[in-house]
Amino acid sequence: ILILAQMTTIIGGPLNTLLVMSHNQSIVVKILAVTACVNLILNLLFIPTYGIYGAATATFISNLMSVICLWFVALKKLGVKAGLFANLRMDKRH
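Below is a short write-up of the structure. Note that residues are indexed from 1 along each chain, following the sequence as it is written. Local features in this predicted model are restricted to residues whose pLDDT is 70 or higher, and side-chain atom pairs enter the listing and the counts only when it is 80 or higher, whereas totals over whole chains, interfaces and linings include all residues. Computation of side-chain values covers all heavy atoms of the structure but excludes hydrogens and water.

Once that is clear, we can look at helix H3 (residues 25–50). Per the convention used, a helix needs a DSSP run of H or I reaching at least four residues, while a strand needs a run of E reaching at least two, with both numbered from the N terminus. How far a helix is expected to stretch is found by multiplying one less than its residue total by 1.5 Å. A rise of 1.5 Å per residue sets the reference length of H3, with its 26 residues, at 38 Å; its end C-alpha atoms lie 35 Å apart and thus fit the reference within 8%. One fitted axis covers the seven residues ending at a residue, a second covers the seven starting there, and the bend at that residue is the angle between these axes. Along H3, the largest kink reaches about 30 degrees and is centred on Asn-43. Relative accessibility under 20% of the residue-type maximum defines a buried residue, over 50% an exposed one, and the middle range a partly exposed one, all with a 1.4 Å probe and only protein chains included. Of all the residues in H3, the buried ones are Val-28, Ile-31, Thr-35, Asn-39, Leu-42 and Asn-43. Looking one or two residues past H3, Gly-51 carries a phi angle of roughly 65 degrees, positive in sign.

What follows is the structure, given as structure tokens:
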């Protein structure tokens, strides 16, 4: 489960750095603070029932939420499709 959490970060690419370099660090801080709170709440909910698997699941969910929010902000603020799959084309034309 923690591997999936790390994969979300890898797929998201260097979104934190991109947004900070473009003077959007306050948005990054807000997103990371909210997702840290979500992680804490999910840990409080999941750990009593599921133990370490609950903690890993909470981490995965909060990481995924963070990457989605950061990607959305990068797209809206900068017009940039960032991340691991940003340059892949779905069609076969080149």
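We are not done yet, so read on.
Each pair of aromatic rings taken from Phe, Tyr and Trp, with Trp reduced to its six-membered ring, is defined by centres within 6.5 Å and is described as stacked if the planes are under 30 degrees apart, edge-to-face if over 60, and tilted in the remaining cases. Tallied over the entire structure, the rule returns one aromatic pair. When the centroid spacing of 6.4 Å and the interplanar angle of 80 degrees are considered together, the rings of Phe-46 and Tyr-50 count as edge-to-face. With Phe-46 and Tyr-50 both in helix H3 and four residues apart, the pair spans about one turn of that helix. Tyr-50 gets classed as exposed once you look at its relative accessible area, which sits at 52%.

Turning next to helix H4 (residues 52–78). The terminal C-alpha atoms of H4 lie 38 Å apart, and with 27 residues this matches the ideal 39 Å at 1.5 Å per residue to within 8%. Of all the positions in H4, only Gly-54, Ala-56, Ala-58, Ser-62, Asn-63, Ser-66, Val-67, Leu-70, Val-73 and Ala-74 are classed as buried. Buried positions along H4 lie against helix H1 (2–12), helix H2 (15–21) and H3. Gly-79 occupies a position one or two residues after H4 and carries a positive phi of about 70 degrees. Whether two residues are in contact is decided by their heavy atoms, any of which lying within 4.5 Å being enough.

The interhelical angle for the contact between H1 and H4, taken along N-to-C directions, is 10 degrees, at an axis separation of 8 Å. Considering their axes alone, H1 and H4 lie roughly parallel with respect to each other. Every residue of H4 that contacts H1 at Leu-2, Leu-4, Ala-5, Gln-6, Thr-8, Thr-9 and Gly-12 is listed here: Ala-56, Thr-59, Phe-60, Asn-63, Leu-64 and Val-67. Of the residues belonging to the contact of H1 with H4, the class tally is seven nonpolar, six polar and no charged. Structural elements are reduced to axes, namely lines fitted to C-alpha atoms, with helices fitted over the stretch in contact, and the angle between N-to-C directions of any two is expressed from 0 to 180 degrees. Roughly parallel means an angle under 35 degrees; roughly antiparallel means over 145; roughly perpendicular covers 65 to 115; every other angle is labelled oblique. Think of it as three bins: nonpolar holds Ala, Val, Leu, Ile, Met, Phe, Trp, Tyr, Cys and Pro, charged holds Asp, Glu, Lys and Arg, and polar takes everything else, Gly as well.

Take the environment of Asn-43 next. Its place among the elements puts Asn-43 in helix H3. Considered as a pair, Asn-43 and Ala-55 are twelve residues apart in the sequence and their alpha carbons are 5.4 Å apart. With residues up to four places along the chain from it excluded, the contact list for Asn-43 reads Pro-48, Gly-54, Ala-55 and Ala-58.

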